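# Inside the fold
If you want the building blocks of each chain, they are given just below.
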Amino acid sequence: MAFKKDFLWGGATAANQYEGGFAEDGKGLNAVDVLTNGSATEPRKVTWKRSDGTTGATPLEWGSDFELPVGAKPALVDGYYYPSHTATDFYHHYEEDLKLMAEMGFKCYRLSLNWSRIFPNGDEETPNEAGLVFYDKIFDLCKQYGMEPLVTLSHYETPLGLINDYGGWKNRKLIKFFENYVRTVFTHYKGKVKYWLTFNEINAVDLAPYMGAGLLDSSLQSRAQAAHDQFVASALAVKLAHEIDENMQVGMMLAYQPVYPYTCDPADQIKVMEYNQKMLFYADVQAGGRYPDYKLKEYEREGIKLDIAPEDHALLKDYPVDFVSFSCYGSNVLTTHEQEAVDSGNLGINGIKNPYLETNAWGWATDPDCLRLALNVLWDRYHKPLWVVENGLGWSDELTSDGKVHDDYRIKYLNANIQSMKDAVELDGVDLMGYTMWGCIDLVSNGTGEMKKRYGFVYVDRDDFGNGSLKRIPKDSFYWYQKVIASNGEDLTI
């Protein structure tokens, strides 16, 4: 048998894409609450105001520089639709949704705390009790259903007050604010939550500085300082967890995918190596406890000087994460021969297409071997227990006339990916803790702000502009995943 008897099968969501209730029970605004909807061709935008009352909206695209106009601060502006405000309304449907997860047989549910629901501005000394109580209800129901919570402390949900008043994570003051938040929730939920993640896809600090670190500029200096401050904050979270409850485990979370060179030109191999260094740097620090030499040399070349406290390096060394978790949806291709790819018809909306793989409407390639490859890279590099906490397929699911959703494409995708994960365990000996499929109940797409790009096992009646009954309808994949969990991954038949 490939998977452990206590393998943690489940699903994952994020508060800013799923929870809703954006202004209820004392919650403050966070980074995503001022992010508009978008589409595959139209980027989402951060809306803003200046002190003179002028307003506007600045596009936010992953992998691109982001900077607001001089004097502008993120704010709500009339005339825009903000998907996070209601999302798919877990805030008022949590009982129904957790019951559906339990019916599938979930052993684990990954969710994020909405930091500004507990500390509305982010810098308060005492928490908003109503926020703590809401998550108490979630964790109590999880226990009732035998589901282990896996809780992300910061999933692109930096309180807006910490962005506007302090400049986001490039300001070291956020370390103390985060430490206070962490101490509060670790103490309050002691005995209810065993597994924690610090920062979702921490390398988003580089890929999307506003989302990952609440930065209003994309300078290399700001990104480097924000990353360092999050490293220190994460190490402090590990330290607090081990002091408060010896059973608690704290992991890191990385966005990672295999990357292939398009040609056998050595220049393409170097390009892939440098990309992997850029992505894995964050795990090298959080899991390895030190800055890798290649990053120090890069900082030297770029003239980057970090504001480092005397105790920082000792904290990183003494309190690395207990396990490494990551998201992986597919793979990517890089090359120095872009014209060759264009001439061959292998240039897509997401860059170079892999001619051996199928892509969906959003340009994402389905790679049947991506999880085995990713798991082996991370296991060989860190030798820490691993956890696949995001993997899934976004698709424009449609209801049939009889109210069903036949998502055979999702079942096919999951079949290949779970088999790939199984091979890493059974053939390669990777130590794997669990698997939480992304967006288990339909939610808002992070990248495009759409509802039609659906991931879940459960369809939610909601459109791209917030219309719909919010009725929950299990898809065909709901019953397929139920069978997979019941067999502990042995029955993957389609």
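Residues numbered from 1 in each chain as written. Predicted model: local features only at pLDDT ≥ 70, side-chain atom pairs only at ≥ 80, totals over all residues. Heavy atoms only, no water.

We count it as follows: UniProt positions are given in the numbering used here, feature names are shortened, and annotations may be inferred rather than shown by experiment.
In the nomenclature of an unreviewed UniProt entry, the protein chain corresponds to Beta-galactosidase from the organism Ligilactobacillus animalis. Check the Sequence similarities (unreviewed entry) section of the UniProt entry for the protein chain; it says "Belongs to the glycosyl hydrolase 1 family."

### What about the layout of surface pockets?
Rules: The definitions used throughout rest on a 1 Å grid laid over the protein atoms alone, on which a cavity is an enclosed set of points accommodating a 1.4 Å probe that cannot get out and a pocket is an open set flanked by protein within 12 Å on both sides along at least five of seven lines; lining residues are those having an atom within 4 Å of a point. Grid points are joined across faces, edges and corners, and a volume is the space filled by probe spheres set on the points. For this classification, Asp, Glu, Lys and Arg are treated as charged, while Ala, Val, Leu, Ile, Met, Phe, Trp, Tyr, Cys and Pro are nonpolar and the rest, including Gly, are polar.
Of the voids in this model, the second largest pocket is the one considered here, and its volume is about 370 Å³. Along the wall of the second largest pocket there are 18 residues; nearest its centre are Asp206, Leu220, Lys278, Lys295 and Glu298. Residues of the lining of the second largest pocket, tallied by class, amount to 9 nonpolar, 1 polar and 8 charged.

### Considering the side chain of Asp312
The criterion, for reference: Put simply, DSSP marks the helices as runs of H or I at least four residues long and the strands as runs of E at least two long, and each gets a number from the N terminus on. Buried means the residue's accessible area, taken with a 1.4 Å probe over protein chains only, is under 20% of the maximum for its type, while exposed means over 50%, and partly exposed covers the values in between. Distance and chemistry together define a polar contact, namely a pair of N or O atoms within 3.5 Å, with one atom able to donate a hydrogen and the other to accept it when in protein, and with adjacent residues in sequence counting only for side-chain atoms on both sides. Contact between two residues is taken to exist if any of their heavy atoms lie within 4.5 Å; hydrogens are not considered.
Here Asp312 lies in helix α12 (residues 312-318). On the accessibility criterion, Asp312 (0% relative accessible area) is buried. In terms of polar contacts, Asp312 uses its side chain to reach the side chain of Arg172, at 2.8 Å. Discounting residues that sit within four places of it in the chain, Asp312 has contacts with Arg172, His228, Val232 and Asp307.

### Here we look at the environment of Tyr145
Examined against the element boundaries, Tyr145 turns out to sit in helix α4 (residues 129-145). The sequence separation of Tyr145 and Leu98 amounts to 47 residues, and the corresponding C-alpha distance is 8.2 Å. Discounting residues that sit within four places of it in the chain, Tyr145 has contacts with Leu98, Lys99 and Ala102.

### Overview of the packing of helix α14 (residues 370-382) against helix α15 (residues 408-426)
Pairs of packed helices are described in terms of their axes, by the angle between the two and the distance that separates them. Where we set the bar: With axes taken as lines fitted to C-alpha atoms, and helix axes fitted only over the stretch in contact, angles between N-to-C directions fall between 0 and 180 degrees. Each crossing gets its handedness from the near helix: less than a right angle anticlockwise from the far helix is left-handed, clockwise is right-handed.
Put simply, α14 and α15 touch, their axes get as near as 7 Å, and they point 35 degrees apart. In terms of crossing hand, the pair formed by α14 and α15 is right-handed. Where α14 abuts α15, its residues Cys370, Leu371, Arg372, Leu375 and Asn376 lie against Asn417, Ser420, Met421, Asp423 and Ala424.

### What about helix α6 (residues 173-188)?
Put simply, the rule reads: Here, expected helix span is obtained from the residue count minus one, scaled by 1.5 Å.
Its 16 residues give α6 an end-to-end C-alpha distance of 23 Å, which sits within 8% of 22 Å, the value for a rise of 1.5 Å per residue. Three or more residues of α6 are buried, namely Leu174, Ile175, Phe177, Phe178, Glu179, Tyr181, Val182, Thr184, Val185 and Phe186.

### Focus on the sheet that holds strand β6 (residues 148-154)
Let me state the cut-off plainly: Strands qualify as paired when DSSP identifies two bridges or more between them.
Around the barrel, 8 strands lie side by side as β1-β5-β6-β7-β8-β10-β16-β17; this closed barrel has parallel pairing. Put simply, the sheet's adjacent strands are angled 25 degrees from each other on average, direction ignored. Across 4 bridges, the pairing between β6 and strand β7 (residues 195-199) is parallel. Opposite Thr152, over in β7, you have Leu197 as the bridge partner. Contacts between α6 and the sheet are confined to β6, β7 and β8 (249-255), with β6 contributing the most and set at about 165 degrees to the helix.

### Quick look at the sheet that holds strand β4 (residues 73-74)
Hydrogen bonding along the main chain pairs the strands of a sheet, whether they run parallel or antiparallel. Pairing is antiparallel across the open sheet formed by 3 strands, whose spatial order is β3-β2-β4. Each of the sheet's edge strands pairs with one partner strand only, and the pair in question is β3 (55-60) and β4. Both strand β2 (residues 44-49) and β4 contribute to a ladder of 2 bridges, which runs antiparallel. Residue pairing in the sheet places Lys49 in a bridge with Lys73 of β4.

### Quick notes on the nonpolar core
Note the cut-off: Definition of nonpolar core: a set of buried residues of the types Ala, Val, Leu, Ile, Met, Phe, Trp, Tyr and Cys, connected through side-chain atoms within 4.5 Å.
Phe186, Trp196, Met421, Tyr435 and Tyr481 are the most contacted members of the largest nonpolar core, which totals 121 residues. In terms of residue count, the dominant contributor to this core is helix α9 (residues 220-244) (13 residues). Formed by 18 residues, the second largest nonpolar core is a distinct cluster that contains Val32, Val46, Ala204 and Tyr210.

### Focus on the packing of aromatic side chains
Note the cut-off: Paired rings are identified among Phe, Tyr and Trp, the last through its six-membered ring, by centres lying within 6.5 Å, and are further divided according to the angle between planes into stacked (under 30 degrees), edge-to-face (over 60) and tilted (the rest). Counted as over-ring charges are cases with an Arg CZ or a Lys NZ within 6 Å of the ring centre that also lie within 35 degrees of the ring normal.
All told, the structure shown has 40 aromatic pairs when counted by the stated rule. On the basis of an interplanar angle of 40 degrees and a centroid distance of 4.5 Å, the ring pair of Phe3 and Phe7 is categorised as tilted. Accessibility classification places Phe3 together with Phe7 in one group, the buried group. Ring geometry for Trp169 against Phe199: centres 5.2 Å apart, planes inclined by 90 degrees, an arrangement best described as edge-to-face. Placement of the pair is Trp169 in the loop between α5 (160-166) and α6 and Phe199 in strand β7, with a sequence separation of 30 residues. Accessibility assignment for this pair places Trp169 and Phe199 in one class, buried. Aromatic ring contacts, followed pair by pair, group Phe3, Phe7, Trp9, Phe106, Tyr435, Phe457 and Tyr481 into a single cluster. For the cation-ring pair, Lys295 lies above Phe281, with the distance from its terminal atom to the ring centre recorded as 4.6 Å. Of note, Arg454 hangs over the ring of Tyr459, and the distance from its end group to the ring centre comes to 4.0 Å.

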